[in-house]
Amino acid sequence: MNRRTFLKTAAIGTIATGFGATLVSADQYFPTKVDQSLYSNINRVKDKANKTPLEKSHAPIISVPASVKVGEPFTVEVVIGEKLHGMSPSHWIENIELAIGNEPAGRIDMQPKGYLQPKVIFTVVLPKEAAPSGKVTLVAYQRCNLHGYWESSVDVSVS
Ligand SMILES: [Fe+2]
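Residues numbered from 1 in each chain as written. Predicted model: local features only at pLDDT ≥ 70, side-chain atom pairs only at ≥ 80, totals over all residues. Heavy atoms only, no water.

This part takes up the overall build of the protein chain. Looking only at helices and strands, the protein chain has two helices and eight strands in total. When the helices and strands of the protein chain are placed in sequence order, the string is α-α-β-β-β-β-β-β-β-β. Counted over contacts in the protein chain with a minimum sequence separation of 6, partners at least 24 positions apart contribute 61%. Carbon and sulfur atoms provide 57% of the accessible area of the protein chain, an area that totals close to 10,100 Å². (Helix = DSSP H or I, 4+ residues; strand = E, 2+ residues; numbered from the N terminus. Contact = heavy atoms within 4.5 Å. Areas by Shrake-Rupley, 256 points an atom, 1.4 Å probe, with all protein chains shown as cover.)

Structure follows, in structure tokens:
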């Protein structure tokens with residue numbers, strides 16, 4: 001192999017390797033080998049008495065007191081999955097959000113390194129105007145990089 005052929009081959013190999021690494025990296029954030037229908041809408045548990053394996057591992061589970069008082073802090077725990085969803089560089093929970101009714105209250109973003117687990121506690125204080133009917137709906141969302149956007153909600157009495 002002469003010098004010119006060597007340089008040409010090395011350059012093509014370097015470009016191909018770099019392009020391949022870019023594809024792997026892009027596929028990590030925009031996976032193509034997954035069920036694309038999970039990304040086309042918000043996923044919810046369809047039958048609480050008969051959850052699918054995907055619903056069991058991805059629907060947020062909200063723990064909150066059945067009744068709370070206006071102006072007093074209370075905690076809302078959101079856990080992803082009946083068995084805690086894994087956090088690996090190829091499959092992880094990107095974020096967990098909490099909304100009070102239709103109003104976003106907060107969001108936790110997580111990285112795939114596995115330092116954080118998909119279990120968060122929000123401390124909430126409701127103003128009187130948040131529950132004019134004496135009831136409020138808390139909504140939790142999460143996004144899995146491979147399985148899309150998921151939602152669960154729970155009603156809480158407010159006095
Ligand atoms: Fe997942």
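Looking now at the coordination of the iron ion. Those protein atoms acting as donors to the iron ion are H58 (NE2), H85 (NE2), H91 (NE2), C144 (SG) and H147 (ND1), and they sit at 2.0 to 2.3 Å. What makes H91 partly exposed here is its relative accessible area of 22%. (Donors = N, O, S within 2.8 Å, 3.2 Å for Na, K, Ca; no water. Buried < 20%, exposed > 50% of the residue type's maximum accessible area, 1.4 Å probe, protein only.)

In this section: the pairing of strand β1 (residues 60-63). Of the two faces of β1, only one is covered, namely that formed by P60 and I62; the face formed by I61 and S63 stays uncovered. Looking at chain direction, β1 and strand β3 (residues 74-80) are connected through four bridges and run antiparallel. The residue of β3 that forms the bridge with I62 is V78. (Pairing = 2+ DSSP bridges.)

What follows concerns the layout of surface pockets. In this structure, the largest pocket occupies an estimated 280 Å³ of space. In terms of lining residues, the largest pocket is bounded by 13 residues, among which V45, K48, P60, S152 and S153 are the most central. Secondary structure elements with two or more residues in the lining of the largest pocket: β1 and β8 (148-158). Of the residues belonging to the lining of the largest pocket, the class tally is six nonpolar, two polar and five charged. By volume, the second largest pocket amounts to about 150 Å³. In terms of lining, the second largest pocket is formed by S37, L38, N41, I42, N43, R44, K46, T52, L54, E55 and W150. (1 Å grid on protein atoms, 1.4 Å probe; cavity = no way out; pocket = protein on both sides within 12 Å on 5 of 7 lines; lining within 4 Å. Points joined across faces, edges and corners; volume = space filled by probe spheres on them. Nonpolar A, V, L, I, M, F, W, Y, C, P; charged D, E, K, R; others polar.)

Before going further, it helps to spend a moment on the environment of T137. When you line up the elements, T137 lands in strand β7 (residues 135-144). Apart from residues lying up to four places away in sequence, T137 is in contact with A99, I100, G101, S153, V154 and D155.

This paragraph deals with the sheet that holds β1. If you trace the three strands from one edge of the open sheet to the other, you get β1-β3-β6, paired in antiparallel fashion. The sheet is open, and its two edges are formed by β1 and β6 (119-124), each paired on a single side. Strand-to-strand twist in this sheet, taken as the mean axis angle between neighbours without regard to direction, amounts to 20°. (Axes fitted to C-alpha atoms, helices over the stretch in contact; angles between N-to-C directions.)

This part is about the pattern of salt bridges. Applying the stated rule across the entire model yields five salt bridges. The partner of E94 in a salt bridge is R143, with the nearest N and O atoms 2.7 Å apart. Taken as a pair, E94 in strand β4 (residues 93-100) and R143 in strand β7 lie far apart in primary sequence, 49 residues in all. Looking at R143, the relative accessible area reads 25%, which means it is partly exposed. (Salt bridge = Lys/Arg side-chain N within 4 Å of Asp/Glu carboxyl O.)

What follows deals with the side chain of H147. With respect to the helices and strands, the residue H147 is situated in the loop between β7 and β8. Beyond its immediate stretch of four places on either side in the chain, H147 contacts L38, Y39, N43, L54, H58 and H91.

This part covers the environment of D35. The residue D35 is located in the loop between α1 (3-29) and α2 (53-58) in this model. Separated by 113 residues in the primary sequence, D35 and G148 have C-alpha atoms spaced 9.0 Å apart.

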